Amino acid sequence: MDYQILKNIVDEQLLRFEEMYEEDWSYKASPEKWSKKEILGHLCDSSLSNIRRFIITQYKENENIVYDQDFWVKAQDYQNTPTSDIINLWKFLNYQIVRTVENLPDEALQRNCDMTKNEPQIFTLEFIINDYIGHLQHHLKAI
C-alpha cells in the first residue's frame, strides 16, 4: 500500500494553512461548535490515538483503543493554543504516522483492533489506516 498520499495531503494543507488568517482559525460559530484550531487539534488527537492503534495492534490484537474527542479537545485547550503550535504538532504527528505505516509488515495489516466505546466492533489495521485518511480529509474540508 502507498501511504505517501498521507504525506502529500499534509504538505498540500500546510501550504493552504499559510494563507489563512488568525481570525479565521479562532472563529467559533457558537460555543458548542469547534473553531478551525479545535478541528485541527482534534485531528492531532486522532493522530495520537491512531499511532497507538497502529503500533499496539502489531503485538496485541483486539485491544480496545478509544478516546472521547470532545473531552480531549477541551482538556488540551486548543482554542487558546497558538495556531502555529497546533499546525506543527499536526504536521509532525502525521509524518510519524507515514513512517509508522510504511514500516508495517504486510501481515500486520490483517491484525485486528477494537475502536468502539460500547459494543465491540473489530476492524483490521488496514481498514483503520484507510479510515484515518478518510477521516482526516473529511475534517480538513471544514478548515
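Residues numbered from 1 in each chain as written. Predicted model: local features only at pLDDT ≥ 70, side-chain atom pairs only at ≥ 80, totals over all residues. Heavy atoms only, no water.

1. Focus on helix α6 (residues 125-140)
In step 1: The first and last C-alpha atoms of α6 sit 22 Å apart over 16 residues, in line with the 22 Å expected at 1.5 Å per residue.
In step 2: Those residues of α6 that sit buried are Leu-125, Ile-128, Ile-129, Tyr-132, Ile-133, Leu-136, His-139 and Leu-140. For α6, the arc enclosing every buried residue in end-on projection is 140°, short of the 170-degree limit, so these residues lie on one face.
In step 3: Contact partners of the buried residues in α6: α1 (4-18), α3 (36-59), α5 (83-102), β1 (112-114) and β2 (122-124). (Helix = DSSP H or I, 4+ residues; strand = E, 2+ residues; numbered from the N terminus. Expected span 1.5 Å × (residues − 1). Buried < 20%, exposed > 50% of the residue type's maximum accessible area, 1.4 Å probe, protein only. Arc of directions from axis to C-beta. Contact = heavy atoms within 4.5 Å.)

2. Some points on the packing of aromatic side chains
In step 1: By the definition in use, this model includes five aromatic pairs.
In step 2: With a centroid separation of 6.4 Å and 90° between ring planes, the pair formed by Phe-54 and Tyr-132 is classed as edge-to-face. Placement of Phe-54 in helix α3 and of Tyr-132 in helix α6 is noted, with a sequence separation of 78 residues between them.
In step 3: Here Tyr-132 falls in the buried class, since its relative accessible area comes to 3%.
In step 4: On the basis of an interplanar angle of 15° and a centroid distance of 4.9 Å, the ring pair of Phe-123 and Phe-127 is categorised as stacked.
In step 5: Residue classification places Phe-123 among the partly exposed residues on the basis of a relative accessible area of 21%.
In step 6: On the basis of relative accessible area, Phe-127 is assigned to the partly exposed category, the value being 40%.
In step 7: Through a chain of ring-to-ring contacts, three or more aromatic side chains come together here, namely Phe-17, Trp-25 and Trp-90. (Phe/Tyr/Trp six-rings, centres within 6.5 Å; stacked < 30°, edge-to-face > 60°.)

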